[in-house]
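Here is how the chains run, residue by residue.
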Amino acid sequence: KIFIPKSPLKCAEVHKMQTQVENSAKPIADPHDIDAKLVQKLANDALVWCSLRGLLVGDRNSERSGTVPGVDMVHAPVALIPMSFPESHWKQACEVAPIFNELVDRVSQDGEFLQQSLSRTRKVDPFTSRLLEIHSKMLEINKIEEIRLGLHRSDYMLDEQTKLLLQIELNTISSSFPGLSCLVSELHRSLLQQYREDIASDPNRIPANNAVNQFAEALAKAWNEYGDPRAVIMFVVQAEERNMYDQHWLSASLRERHQVTTIRKTLAEIDALGELQQDGTLVVDGQAVAVIYFRAGYAPSDYNSESEWKARLLMEQSHAVKCPSISYHLAGSKKIQQELAKPNVLERFLENKDDIAKLQKCFAGLWSLDESDIVKDAIDRPELYVMKPQREGGGNNIYGEDVRDALLKLQKEGTGSDAAYILMQRIFPKISHSILMQEGISHKEQTISELGIYGTYLRNKTEVLINQQAGYLMRTKVSSSNEGGVAAGFAVLDSIYLV
Ligand SMILES: Nc1ncnc2c1ncn2[C@@H]1O[C@H](COP(=O)(O)OP(=O)(O)O)[C@@H](O)[C@H]1O
Ligand SMILES: N[C@H](CCC(=O)N[C@@H](CS)C(=O)NCCC(=O)O)C(=O)O
Ligand SMILES: [Mg+2]
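Residues numbered from 1 in each chain as written. Chains lettered and ligands numbered in written order. Predicted model: local features only at pLDDT ≥ 70, side-chain atom pairs only at ≥ 80, totals over all residues. Heavy atoms only, no water.

**A few points about the overall build of the protein**
Next up, step 1: A tally of helices and strands in the protein yields 16 helices and 21 strands.
Next up, step 2: The C-alpha atoms of the protein give 24 Å as radius of gyration, which agrees with the globular expectation for 499 residues (23 Å, within 12%).
Next up, step 3: Overall, the C-alpha framework of the protein stretches about 75 × 60 × 50 Å when taken along its three principal axes.
Next up, step 4: A burial count over the protein gives 58% of its 499 residues as buried. (Helix = DSSP H or I, 4+ residues; strand = E, 2+ residues; numbered from the N terminus. Rg over C-alpha atoms; globule rule 2.2 N^0.38 Å. Buried < 20%, exposed > 50% of the residue type's maximum accessible area, 1.4 Å probe, protein only.)

Next up, the structure:
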């Protein structure tokens, strides 16, 4: 196809335009076709880039890397080449982000729906029961959260067979990687730019990713709405946190772009150092707290004693903006995810029929264990299901044959413990080629990926101040891994290349 220039463009520009047109249409080269020498160069440059630009985590083999910043860091596990992803599904995922944000807020305000939906779980799941206890205490004192801040991540897998983009879960607490995910997009753009002679591509097909600054902006705006210039933003963190640099990127953005001070405290420290003043102000270690940002408190392992639960209650009772509030936390549970997928339930919370249809289009099969025909099918074909307790943070789900065993065991026990679980359709994404880099070594692997879309939501009374899609996280793992998880060491941080 000869491009006959009409205007006296220099042929170099014509050539550039032509290659750009061709490149933008073409998917990126198959990473497994990249020769070993070039892989080695890519890997080396990626490792240097991560080290210079803070794409780092604490080394799991070191005992100090989770407590002392700057000690025993290692590059974050990353893919060397971005994962191709259909532009149409990218747009769909971005489009539903503000609708899911609004849904979380509406559901959070329906205390009866939360209590009712989780009432049977409460009887058999002590952790969820403690969360519900705090929630019902807030209902009793008619606690109103006028300023509501949501920093969510809605995770999806693209089902290969149906080509449907299906939601895995909606995280409303401690959504990891808003900091590191932006750096991965930059790493990939930089590598594709540097190696454009060897790998035909258009770096602009990697969507811009500004999650860290959008999260920081929402946190800063919530701080501003609280209205006390001397108050701080408190990060609730685990005593050992190897993902601390992801969190420090947020603190740095808050300090440098918004001049807001952040402090880091564990739940135990908050119990020891926190006080509630008459007017509801939370004071920790002598500092007034405007916003509480949870990067811990989502798992039973975060509550080693009554001390941590006292801290959670103290914070909930305070005037500080909680991210998440107990209601937002519960609204993001897997049981609620399953309840919202039932017919005519979204209609209770959203008016716009198109919005409702857009959300329902990305719902996978979700069931309680009351559905006997589903339970029977899951016993027959367990590999088509995932069984989930009400837990966050990875490592809790049940897959394959274990689903059958767990269901049969629950049937035999007959103690109602089945209310602690949901059943979900297992999604099978396309198996792709990727090059994963972990602990300085790159591996060509068969992989599947999961796209997380960040959402920011801020409301003060009746006014919605922020409601937007706020960047993305792509995680890629070996296709043989059921659970995945970056922190768990199975998945790597990736980005996407729109095709
Ligand atoms: N329906 C599903 N189909 C396939 N894989 C799933 C499904 N649900 C979860 N997974 C896998 O398990 C991981 C953890 O599940 P998730 O529901 O996100 O729990 P958590 O809250 O612990 O992150 C997901 O990142 C994904 O890799
Ligand atoms: N260490 C804590 C980890 C917090 C955490 O586990 N968050 C959940 C949602 S609740 C999550 O986003 N999981 C995906 C991360 C993965 O794949 O490893 C932090 O980073 O603050
Ligand atoms: Mg998850």
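**Observations regarding the site of ligand 1**
Next up, step 1: In the region of ligand 1, 20 residues are neighbours, and Glu169, Lys334, Lys388, Gly394 and Glu450 sit closest.
Next up, step 2: Here a nitrogen atom of ligand 1 and a backbone polar atom of glutamine 425 are 2.9 Å apart.
Next up, step 3: With the chains in place, 95% of the 540 Å² that ligand 1 exposes on its own is no longer accessible.
Next up, step 4: Put simply, the parts of the chain that give the shell around ligand 1 at least two residues each are strand S6 (165-171), strand S14 (385-389) and strand S16 (421-425).
Next up, step 5: Looking at side-chain class alone, the shell around ligand 1 contains six nonpolar, five polar and nine charged residues. (Near = heavy atom within 4 Å. Polar contact = N/O pair within 3.5 Å; in protein donor to acceptor, adjacent residues only side chain to side chain. Areas by Shrake-Rupley, 256 points an atom, 1.4 Å probe, with all protein chains shown as cover. Nonpolar A, V, L, I, M, F, W, Y, C, P; charged D, E, K, R; others polar.)

**Focus on the site of ligand 2**
Next up, step 1: Taken together, 18 residues sit near ligand 2, with Arg153, Asn243, Arg295, Arg475 and Ala487 positioned nearest.
Next up, step 2: Side-chain polar atom of serine 176 to an oxygen atom of ligand 2: 3.0 Å apart, as the coordinates give it.
Next up, step 3: If ligand 2 stood free it would expose 530 Å²; the protein chains cover 91% of that surface.
Next up, step 4: Considered class by class, the residues forming the shell around ligand 2 number five nonpolar, eight polar and five charged.

**Quick notes on the packing of aromatic side chains**
Next up, step 1: On inspection of all chains with the given rule, the structure shows nine aromatic pairs.
Next up, step 2: Summarising the aromatic geometry, the rings of phenylalanine 215 and tyrosine 454 are spaced 5.3 Å apart at their centres and angled 80° between planes, so their arrangement reads as edge-to-face. With a gap of 239 residues between them, phenylalanine 215 in helix H8 (residues 211-226) and tyrosine 454 in strand S18 (residues 441-460) connect regions that are remote in the sequence. Side by side, phenylalanine 215 and tyrosine 454 carry an identical accessibility label, which is buried.
Next up, step 3: Put simply, the rings of Phe127, Tyr303 and Trp309 pair up and form one aromatic cluster.
Next up, step 4: Lying over the aromatic face of phenylalanine 294, arginine 312 brings its terminal NZ or CZ to 4.7 Å of the ring centre. (Phe/Tyr/Trp six-rings, centres within 6.5 Å; stacked < 30°, edge-to-face > 60°. Lys NZ or Arg CZ within 6 Å of the ring centre and 35° of its normal.)

**Regarding the sheet that holds strand S15 (residues 398-399)**
Next up, step 1: Spatially, S13-S16-S14-S15 is the arrangement adopted by the four strands of the open sheet, whose pairing is antiparallel. Because the sheet does not close on itself, it has two edges, and the strands there are strand S13 (366-367) and S15.
Next up, step 2: Bridging between S13 and S16 involves two bridges; their strand directions are antiparallel. If you follow leucine 366 over to S16, its bridge partner there is methionine 424. (Pairing = 2+ DSSP bridges.)

**Section: helix H15 (residues 372-380)**
Next up, step 1: Of the positions making up H15, those classed as buried are Ile374, Val375, Asp377, Ala378 and Ile379.
Next up, step 2: Here the buried face of H15 lies against S13, S14, helix H16 (401-413) and S16. (Contact = heavy atoms within 4.5 Å.)

**Looking at the confidence of the model for the protein**
Detailed reading of the predicted coordinates is not advisable wherever pLDDT is low.
Next up, step 1: Chain-level pLDDT for the protein is 95 on average; 95% of the residues reach the 70-or-more range.
Next up, step 2: Both confidence scores are given for the complex: pTM 0.95, ipTM 0.99. (pLDDT = per-residue confidence, 0-100.)

**Remarks on the environment of arginine 189**
Next up, step 1: Inspection of the secondary structure puts arginine 189 in helix H7 (residues 178-194).
Next up, step 2: Sequence spacing of arginine 189 and glycine 440 is 251 residues, and the spatial spacing of their C-alpha atoms is 20 Å.
Next up, step 3: In contact with arginine 189, other than residues within four places in its own chain, are Pro203, Asn204, Ile206, Pro207 and Ala208.

**Observations regarding the environment of asparagine 460**
Next up, step 1: Inspection of the secondary structure assignment puts asparagine 460 in strand S18.
Next up, step 2: Assessed through its relative accessible area of 12%, asparagine 460 is described here as buried.
Next up, step 3: As a C-alpha pair, asparagine 460 and lysine 409 span 51 residues in sequence and 47 Å in three-dimensional space.
Next up, step 4: Apart from residues no more than four positions distant in its own chain, asparagine 460 is found in contact with Glu146, Ile147, Glu225 and Leu465.
Next up, step 5: Looking at asparagine 460, its side chain comes within polar contact range of the side chain of glutamate 225, at 2.7 Å.

**Considerations on the pattern of salt bridges**
Next up, step 1: Going through the model one piece at a time under the given rule, you end up with 37 salt bridges.
Next up, step 2: Two residues, lysine 322 and glutamate 145, come together in a salt bridge whose shortest N-O distance is 3.2 Å. With lysine 322 in strand S12 (residues 321-323) and glutamate 145 in the loop between helix H6 (126-140) and strand S5 (147-158), this pair connects stretches of sequence that are 177 residues apart. Pair check on accessibility: lysine 322 and glutamate 145 agree, each one buried.
Next up, step 3: Taken together, the salt bridges that share partners define one network made up of Glu102, Asp105, Arg106, Arg148, Glu351 and Arg459. (Salt bridge = Lys/Arg side-chain N within 4 Å of Asp/Glu carboxyl O.)

**Regarding the pairing of S6**
Next up, step 1: With seven of seven residues buried, S6 lies mostly within the body of the structure.
Next up, step 2: Pairing analysis gives six bridges linking S5 to S6, with the strands arranged antiparallel. When the bridges of S6 are listed, leucine 158 appears paired with leucine 165.

**Some points on the packing of H7 against helix H9 (residues 244-258)**
When two helices pack together, their arrangement is given by the angle between the helix axes and by the axis-to-axis distance.
Next up, step 1: Where H7 meets H9, the closest approach of the two axes is 6 Å, and the angle between their N-to-C directions is 90°. The angle between H7 and H9 places the two elements in the roughly perpendicular class. Facing Pro178, Gly179, Leu180 and Leu183 of H7, the residues of H9 in contact are Asp246, Trp249 and Leu250.
Next up, step 2: The residue inventory of the contact of H7 with H9, partitioned by class, reads five nonpolar, one polar and one charged. (Axes fitted to C-alpha atoms, helices over the stretch in contact; angles between N-to-C directions. Parallel < 35°, antiparallel > 145°, perpendicular 65-115°, else oblique.)

**Comments concerning the pairing of strand S17 (residues 432-438)**
One face of the sheet, then the other: side chains in a regular strand alternate in exactly this way.
Next up, step 1: The element S17 is largely enclosed, with a buried count of five among its seven residues.
Next up, step 2: Inspection of the sheet shows strand S3 (residues 78-79) paired to S17 by two bridges, in the antiparallel sense. From the neighbouring strand, valine 78 faces S17, where its bridge partner is methionine 437.
Next up, step 3: Two elements, S17 and S18, share seven bridges in a ladder whose sense is antiparallel. Looking at S18, one finds that isoleucine 435 is bridged to lysine 444.
Next up, step 4: Once S17 ends, the chain turns through two residues before running back antiparallel as S18, passing glutamate 439 with a positive phi of about 50°.

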